[in-house]
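Close look at the chain arrangement
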Amino acid sequence: MTDAAIAIRNLCKTYQGGKRALDGVSFDVPQGTIFGLLGPNGAGKSTLINILAGLVNKTSGSASIWGFDIDAHPRNAKAAIGIVNQEILFDPFFTPIETLEIQAGLYGVSKAQRRSMELLRAVHLEDKANAYARTLSGGMKRRLMVAKAMVHSPPVLVLDEPTAGVDIELRQQLWAYVRELNAGGVTVVLTTHYLEEAEQLCDQIAIINHGTVVANEPTRQLLSRAQEKVVEVTVERDVTTLPEASCFQKIALKGDRTLAITYSKDQVNAGQVLAAVQAAGFAIADVSTREADLEDVFLSLTRSAA
Ligand code: ADP
Ligand code: MG
């Protein structure tokens, strides 16, 4: 038993037809965090979430939610988690308040313990309580799904691409609500392919690509990788062999004469990098530098696993 909100061990999923969507995924979601599961489209994020939700059967491996193994204690595991799926799914003929009441009924929440109106208020849908769900905008439906996922007050809330099709203002409201829930003790997992979103909200970020985890670190630490700097050096003759130096973290050729060199700002400066290029026998024609950002870190991590 770990004190992780979610513990995933060596999870594999091969769909019928042979697509291997998850290939040995392991990680813990620490209690009380906002945890980001990041990855490009097709990485396996929804597959993982749908396994936790009991909507997809895993091929092998294990997962537990709030200490309950999804195979051994499926009911307890299910009660501990609220999931907002990527696809918007509910009956268009029910009103938001009915939708929440029905969901509460499905989860066996007694009438006295229901808080449907409070949830609608939290997601700014109070005035739509009695409107048909089909008359709601995309953003409203998304917020209704969040309220629906919270009817049984689970300690863990999972949001799969919650901001797809949600405009910026509503996105901010949604994040405000997520932060409020988290401040109240709810562990939140969100999947997204927007880095910026994860960067702003998440305490910890796991990056998944082609069904494997390529990074899993506190956001701060991941960002510190973005302290890397890239200097582009154009030299005065064609490069046939890449120069090597201990101060280069990475070197790549761009065109015939331009070297993109990655180095760590806290260890060397651009002058030392340029000196190393010259020492390798290249005369320098031009130089430009730029900061690496999280986007670069993400791209290099997802590329290297391809
Ligand atoms: P993400 O949510 O990260 O975009 P998914 O988990 O939806 O990724 O998909 C991972 C991979 O599994 C993709 O290649 C996708 O095409 C495939 N996949 C997803 N669902 C199914 C399915 N029901 N049957 C076969 N392949 C699937
Ligand atoms: Mg998905």
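Structure shown above.
The sections below set out a description of the structure shown in this document. (Residues numbered from 1 in each chain as written. Chains lettered and ligands numbered in written order. Predicted model: local features only at pLDDT ≥ 70, side-chain atom pairs only at ≥ 80, totals over all residues. Heavy atoms only, no water.)

Focus on the sheet that holds strand E4 (residues 60-65)
Here four strands make up an open sheet; going across it, the order is E2-E1-E4-E5 and the pairing antiparallel. Edge positions in the open sheet fall to strand E2 (20-30) and strand E5 (68-69), since each of these has one partner strand only. Here strand E1 (residues 4-14) runs beside E2; their pairing, made up of eight bridges, is antiparallel. In the sheet register, Thr14 faces E2, and the bridge partner there is Arg20. (Pairing = 2+ DSSP bridges. Helix = DSSP H or I, 4+ residues; strand = E, 2+ residues; numbered from the N terminus.)

Brief notes about the packing of helix H5 (residues 138-149) against helix H6 (residues 168-183)
It is at 11 Å that the axes of H5 and H6 come closest, and there the two elements cross at 10°. Regarding the angle of H5 to H6, the classification is roughly parallel. Where H5 approaches H6, its residues Gly139, Arg143 and Val146 are matched on the opposing element by Leu170, Gln173, Leu174 and Tyr177. Residues of the contact of H5 with H6, tallied by class, amount to four nonpolar, two polar and one charged. (Axes fitted to C-alpha atoms, helices over the stretch in contact; angles between N-to-C directions. Parallel < 35°, antiparallel > 145°, perpendicular 65-115°, else oblique. Contact = heavy atoms within 4.5 Å. Nonpolar A, V, L, I, M, F, W, Y, C, P; charged D, E, K, R; others polar.)

Brief notes about the site of ligand 1
Around ligand 1 sit Tyr15, Lys19, Ala21, Pro40, Asn41, Gly42, Ala43, Gly44, Lys45, Ser46 and Thr47, and that is every residue in its neighbourhood. Within the backbone of Gly44, a nitrogen or oxygen atom sits 3.0 Å from an oxygen atom of ligand 1. Interatomic distance of 2.5 Å between a side-chain N/O atom of Thr47 and an oxygen atom of ligand 1. Out of a free accessible area of 560 Å², ligand 1 has 62% covered by protein chains. Counting residues per element, the shell around ligand 1 draws most heavily on helix H1 (residues 45-52), at three residues. Looking at side-chain class alone, the shell around ligand 1 contains four nonpolar, five polar and two charged residues. (Near = heavy atom within 4 Å. Polar contact = N/O pair within 3.5 Å; in protein donor to acceptor, adjacent residues only side chain to side chain. Areas by Shrake-Rupley, 256 points an atom, 1.4 Å probe, with all protein chains shown as cover.)

What about the pattern of salt bridges?
Per the counting criterion, the structure on display carries ten salt bridges. Taking the shortest distance from any N to any O, the salt bridge between Glu197 and Arg171 comes out at 3.6 Å. Pair noted here: Glu197 is in helix H7 (residues 195-201) and Arg171 is in helix H6, with a separation of 26 residues, a long-range link. The buried category is assigned to Glu197, whose relative accessible area is 6%. (Salt bridge = Lys/Arg side-chain N within 4 Å of Asp/Glu carboxyl O. Buried < 20%, exposed > 50% of the residue type's maximum accessible area, 1.4 Å probe, protein only.)

Some thoughts on the packing of helix H3 (residues 96-106) against H5
Look at H3 against H5: their axes get within 9 Å of each other, and the N-to-C directions meet at 25°. Taken together, the axes of H3 and H5 are roughly parallel relative to one another. The two elements H3 and H5 meet at a crossing, and its hand is right-handed. Counting all contacts with H3, which are made through Pro96, Thr99, Leu100 and Gln103, the residues of H5 involved are Leu144, Ala147 and Lys148. By residue class, the composition of the contact of H3 with H5 is four nonpolar, two polar and one charged. (Left-handed = near helix turned anticlockwise from the far one by under 90°.)

Thoughts on the coordination of the magnesium ion (ligand 2)
When a metal carries six donors in an octahedron, the ideal angles between them are 90 or 180 degrees, while four donors in a tetrahedron ideally lie at 109.5 degrees. In this structure, Ser46 (OG) and Gln86 (OE1) serve as the protein donors to the magnesium ion (ligand 2), at separations of 2.1 to 2.2 Å. Here the residue Ser46 occupies a position in helix H1, and Gln86 occupies one in the loop between strand E6 (81-84) and H3, the gap between them amounting to 40 residues. (Donors = N, O, S within 2.8 Å, 3.2 Å for Na, K, Ca; no water.)

Notes on the nonpolar core
Grouped together as the largest cluster of nonpolar side chains are 43 residues, with contacts concentrated most on Leu157, Leu159 and Ile207. Here this core gathers at least three residues from each of two domains, domain 1 (4-223) and domain 2 (228-304). With residues up to four places along the chain from it excluded, the contact list for Ile207 reads Leu38, Thr212, Val213, Val214, Ala215, Leu222, Phe298, Leu301 and Thr302. The next biggest cluster of nonpolar side chains, apart from the first, holds 29 residues, and it includes Ala5, Phe27, Ala63 and Ala80. (Core = buried A, V, L, I, M, F, W, Y, C linked by side-chain atoms within 4.5 Å. Domains from an automatic or database assignment.)

Remarks on the sheet that holds E6
Strand order in the open sheet made by the six strands is E6-E7-E8-E3-E9-E10, with mixed pairing throughout. Among the strands making up the open sheet, the edge pair consists of E6 and strand E10 (212-218). Taking the axes of each pair of neighbouring strands and ignoring which way they run, one obtains an average angle of 15° across the sheet. Its contacts with the sheet put H1 on strand E3 (34-38), E6, strand E7 (156-160), strand E8 (187-192) and strand E9 (204-209), and the angle it makes with E3 is roughly 130°. Packing against the sheet, H6 makes contact with E3, E7 and E8, and its axis sits at approximately 150° to E8.

Overview of the layout of surface pockets
One number sums up the size of the largest pocket: a volume of about 410 Å³. As for the largest pocket, its lining consists of 16 residues, and the residues nearest its centre are Ile83, Asn85, Gln103, Tyr107 and Lys148. Looking at which element gives the most residues to the lining of the largest pocket, the answer is E6, with four residues. Split by residue class, the lining of the largest pocket holds ten nonpolar, four polar and two charged. Taken as a whole, the second largest pocket holds about 300 Å³ of empty space. Lining the second largest pocket we find 15 residues, and of these Val230, Lys250, Thr262, Arg290 and Arg303 sit closest to its centre. At the level of elements, strand E11 (228-235), strand E12 (250-254), strand E13 (258-264) and helix H10 (294-304) are the ones that each hand at least two residues to the lining of the second largest pocket. (1 Å grid on protein atoms, 1.4 Å probe; cavity = no way out; pocket = protein on both sides within 12 Å on 5 of 7 lines; lining within 4 Å. Points joined across faces, edges and corners; volume = space filled by probe spheres on them.)

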